[in-house]
Amino acid sequence: MRRFHLIELHEQTWYPASWRRLFQSGMGRCLDAMDAFGSLSGHFQGFLQRVRPTSVMDLCSGSGELAVKTWNSMTAPLAERDRPLLLLSDLYPNVPSFTRLKEAESGIDFHRQPVNALRPPKEARVRTMFNCLHHFRPEQVKEILGDAAKHAEGFAAVEVTSRKWLNLVQSFLLLPFVSVIATAFLVRPFHFRNILWGLLVPVVPITAFIDGMVSNLRTYTPEELSEMSRSVGDSRFEWEVGTVKMADTPFEATYIFGWRAEEAEEAEVAPEAEAAA
């Protein structure tokens, strides 16, 4: 199926911030209920063992709820002391939600200022992107991967959307109903506006329906991600792209992991050492 980069409503600058926060929280609840990322736990731990970070910056965290739950799901087998610090960030940072998560969870912090995934701050040595790479056009994805290869020690992106008919049918049939339930009744803290915008005037579920369909049409295939990672052309960075079947569902999650190759670093240091000798 051909990729279409259509407009997602909640990305637009004119979209009200209060609706965006409800949308992000509601979609986070939906994906959390599916345990969409749990099947990637083993793969992600392998990535962390290669990179061995003390902190990880999550880009495009949205409300932060999904990022934290995904993080907890994929790092569950690790001892508390072995988990890196997770830094939440977003172009439209949801500071109230980030603050609640930081207070409720150990090992969580966040950036108050907007963070552009195309130009992360210098401290973003290891980066994650949970179900948000499809928001970017191909040339932007190449820029994200290229910047990671140039300035970071590790990069991990995971997508649970897919450019397949099965995912489109599922979004068409289930998203309107599920997003109403999640937005109106499951988002915390509960407020009357959750009922107002999630049920009585269901602008947020309508957004979830439209943006959910668009997200599937925007998602990159493993082949496309592999080709873009090769186009980065940096031998110091190794890439792994693959898919994993999500537990108890017919759907697959796609991942791309990148890390700085130790062999390349050693090869660069050796000539300097010889010159010094």
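Residues numbered from 1 in each chain as written. Predicted model: local features only at pLDDT ≥ 70, side-chain atom pairs only at ≥ 80, totals over all residues. Heavy atoms only, no water.

Overview of the environment of Asn194
Relative to the helices and strands, Asn194 is located in helix 7 (residues 192-200). We classify Asn194 as buried; its relative accessible area is 1%. When the C-alpha atoms of Asn194 and Thr183 are compared, they prove to be 6.1 Å apart, with eleven residues separating the residues in sequence. Setting aside chain neighbours within four positions, we find Asn194 in contact with Leu22, Thr183, Ala184, Val187, Pro189 and Leu199. (Helix = DSSP H or I, 4+ residues; strand = E, 2+ residues; numbered from the N terminus. Buried < 20%, exposed > 50% of the residue type's maximum accessible area, 1.4 Å probe, protein only. Contact = heavy atoms within 4.5 Å.)

Topic: the packing of aromatic side chains
Tallied over the entire structure, the rule returns 13 aromatic pairs. Centre to centre, the rings of Trp14 and Tyr15 are 6.2 Å apart; their planes meet at 55°, and the pair counts as tilted. We classify Trp14 as exposed; its relative accessible area is 58%. Owing to a relative accessible area of 4%, Tyr15 belongs among the buried residues under this scheme. For the ring pair Phe44 and Phe130, a centre distance of 6.4 Å and an interplane angle of 65° mean the geometry is edge-to-face. (Phe/Tyr/Trp six-rings, centres within 6.5 Å; stacked < 30°, edge-to-face > 60°.)

Thoughts on the environment of His191
Residue placement: His191 occurs in the loop between helix 6 (165-186) and helix 7. A polar atom in the side chain of His191 sits 3.1 Å from the backbone nitrogen of Arg193. (Polar contact = N/O pair within 3.5 Å; in protein donor to acceptor, adjacent residues only side chain to side chain.)

Notes on the nonpolar core
Counting residues in each nonpolar core, the largest one holds 31 residues, and the members touching the most others are Phe37, Leu40, Phe44, Phe47, Leu86, Leu88 and Phe257. Among the secondary structure elements, those contributing two or more residues to this core are helix 2 (41-51), helix 3 (65-75), strand 2 (85-88), helix 4 (95-104), strand 3 (108-110), strand 4 (126-130), strand 5 (154-159) and strand 7 (252-260). When residues in this core are grouped by element, the largest group, five residues, is from helix 3. With 25 residues, the next largest nonpolar core counts Met129, Leu145, Ala149 and Phe237 among its residues. (Core = buried A, V, L, I, M, F, W, Y, C linked by side-chain atoms within 4.5 Å.)

Regarding helix 8 (residues 203-218)
For helix 8, with 16 residues, the first-to-last C-alpha span of 22 Å sits near the 22 Å given by 1.5 Å per residue. All of the buried residues in helix 8 are Val204, Pro205, Thr207, Ala208, Asp211, Gly212, Val214, Ser215, Asn216, Leu217 and Arg218. (Expected span 1.5 Å × (residues − 1).)

Structural notes on the pairing of strand 7
Most of strand 7 is tucked away: eight of the nine residues are buried. Both strand 5 and strand 7 contribute to a ladder of six bridges, which runs antiparallel. Across the sheet, residue Val158 finds its bridge partner in strand 7, namely Tyr255. Both strand 6 (residues 237-245) and strand 7 contribute to a ladder of nine bridges, which runs antiparallel. Bridge assignment links Glu238 to a residue of strand 7, and that residue is Trp259. (Pairing = 2+ DSSP bridges.)

Quick notes on the pattern of salt bridges
In this structure the tally under the stated criterion is nine salt bridges. Note that Glu240 is salt-bridged to Arg50, the shortest N-O span being 3.6 Å. Placement of the pair is Glu240 in strand 6 and Arg50 in helix 2, with a sequence separation of 190 residues. Given a relative accessible area of 22%, Glu240 falls into the partly exposed group. A salt bridge links Arg163 to Glu224; the shortest N-O distance between them is 3.0 Å. Here Arg163 is found in the loop between strand 5 and helix 6, whereas its partner Glu224 is found in helix 9 (residues 222-232), with 61 residues between them in sequence. When its relative accessible area of 11% is taken as the criterion, Arg163 is described as buried. (Salt bridge = Lys/Arg side-chain N within 4 Å of Asp/Glu carboxyl O.)

Overview of the environment of Ser25
Secondary-structure assignment places Ser25 in helix 1 (residues 17-34). Along the primary structure Ser25 and Glu65 are separated by 40 residues, whereas in three dimensions their C-alpha atoms are 6.7 Å apart.

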